[in-house]
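Results of the structural survey
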Amino acid sequence: MPAEGGKTDMERIGLFSEMEYVTVGDKYLSSFNRPFNEAASKNKQMLPGGSKEMSNLQAGYFDPHFVRIFEGEGYVNLNQVRRRHMMEEAKKNLGKAFLPSSGEKKPCGLGSYYGTIGGPVPFFSAQSKPREKYEAPGKNLYTNPGKKGTGYGYANVTIGKQFSHSADFYDAPKLNFKKENEEHHRLVKGTPFKLNLYPREYFDTNPYLFENPLPPIKKIEKKELLTHPFKPSSPGKKAGGMKAGTFDPYPSHSADPYVVKLSSQISSKGAKIFHPPSGPKSRPVESIMTLNVKRALNMKNYKTVSVQSY
């Protein structure tokens, strides 16, 4: 479609012609039926001879026959090669080998430089260094001698001037308090404020007043103390199967004939005797010996455990 300016869409975009569509008119092939590698099923393919396994045979190598590394070489003497190398290294020396003139020298004392390479060091010499002539400093500044006295009771012995005397009255605090009190009473107007709600100091004149009569005074009974200790009349009697050792004589026999109680004498339901309910009943409890045997002897080890271990 031509635009308003008279140019077509292709001229306005800047292309010479419209892009072609490659797949126009091709047959539809689904991705499911499409082969993975089409070139593998066309024309002749490379057919290798199969993989070879590593073995002592020549078939496992690329070369048709085994090739030796050191084939046709002559015998080499290692000592001769070592000597030639030493001779070549000796030619590189510029002169003869260094030989010291004599053995090492031993020091002959503390602070001696015998046997050293450099010799004595002048810096460590014991001689004194030259010094300038000593000139005494000048005299100190002369002043008047110090004043005698410690300052307590002596006048004109301190650095500053003497303090002037100031009068201090003996009753100055008392007089000042009296003046302040008079000034306070002068400023007060009238008597102090007092409340008239309570005509008395307490609710009653006597705070300990009690209207009810007091109970009678309890008399403390005095216990009579025994002056003499208690002594039995005779030694204690021993019980020998009879009542000879008791305080009271043997009671007389009372006849108690057997009489059957009538139904009318039995009490009613309301007057029955109270019987408490029975407590918790006991249960069968295994002994500690049985529990230990069951723990040590079970269904897994009853064949291997011996009886002597118990």
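In what follows, the structure referred to is the one given above.
Computed from a predicted model, the values in this text were never measured in an experiment.

1. Considering the overall build of the protein
Counting its secondary structure elements, the protein contains 4 helices and 0 strands. Listed by position from the N terminus, the elements making up the protein come as α-α-α-α. Put simply, the protein has 310 residues, and 1% of those count as buried. Put simply, 0% of the contacts in the protein that link residues at least 6 apart link residues at least 24 apart. For the protein, the exposed area adds up to about 36400 Å²; of that, 59% sits on carbon and sulfur atoms.

2. Considerations on a nonpolar patch on the surface
Together, M289, V293, L297, M299 and Y302 make up a nonpolar patch on the protein surface, roughly 530 Å² of accessible area in all. Residue position: V293 is located in helix 4 (residues 288–296).

3. Let's talk about the environment of T290
Mapping T290 onto the fold places it in helix 4. Using a relative accessible area of 33% as the deciding quantity, one classes T290 as partly exposed. At 2.8 Å, the side chain of T290 and the side chain of S287 are in polar contact.

4. Brief notes about the pattern of salt bridges
As enumerated under the stated definition, the model contains 2 salt bridges in all. Between E89 and K92 there is a salt bridge; the shortest N-O distance is 3.5 Å. Between E183 and R186 there is a salt bridge; the shortest N-O distance is 2.4 Å. Pair noted here: E183 and R186 are both in helix 3 (residues 172–187), with a separation of 3 residues, about one helical turn. With a relative accessible area of 58%, R186 lands in the exposed category.

About the criteria used
Residues numbered from 1 in each chain as written. Predicted model: local features only at pLDDT ≥ 70, side-chain atom pairs only at ≥ 80, totals over all residues. Heavy atoms only, no water. Helix = DSSP H or I, 4+ residues; strand = E, 2+ residues; numbered from the N terminus. Buried < 20%, exposed > 50% of the residue type's maximum accessible area, 1.4 Å probe, protein only. Contact = heavy atoms within 4.5 Å. Areas by Shrake-Rupley, 256 points an atom, 1.4 Å probe, with all protein chains shown as cover. Patch = residues over 30% accessible without salt bridge, like charges linked within 9 Å, V, L, I, M, F, W, Y side chains within 5 Å. Salt bridge = Lys/Arg side-chain N within 4 Å of Asp/Glu carboxyl O. Polar contact = N/O pair within 3.5 Å; in protein donor to acceptor, adjacent residues only side chain to side chain.

Note that every value here comes from positions in space, so none of it alone points to a role or purpose.
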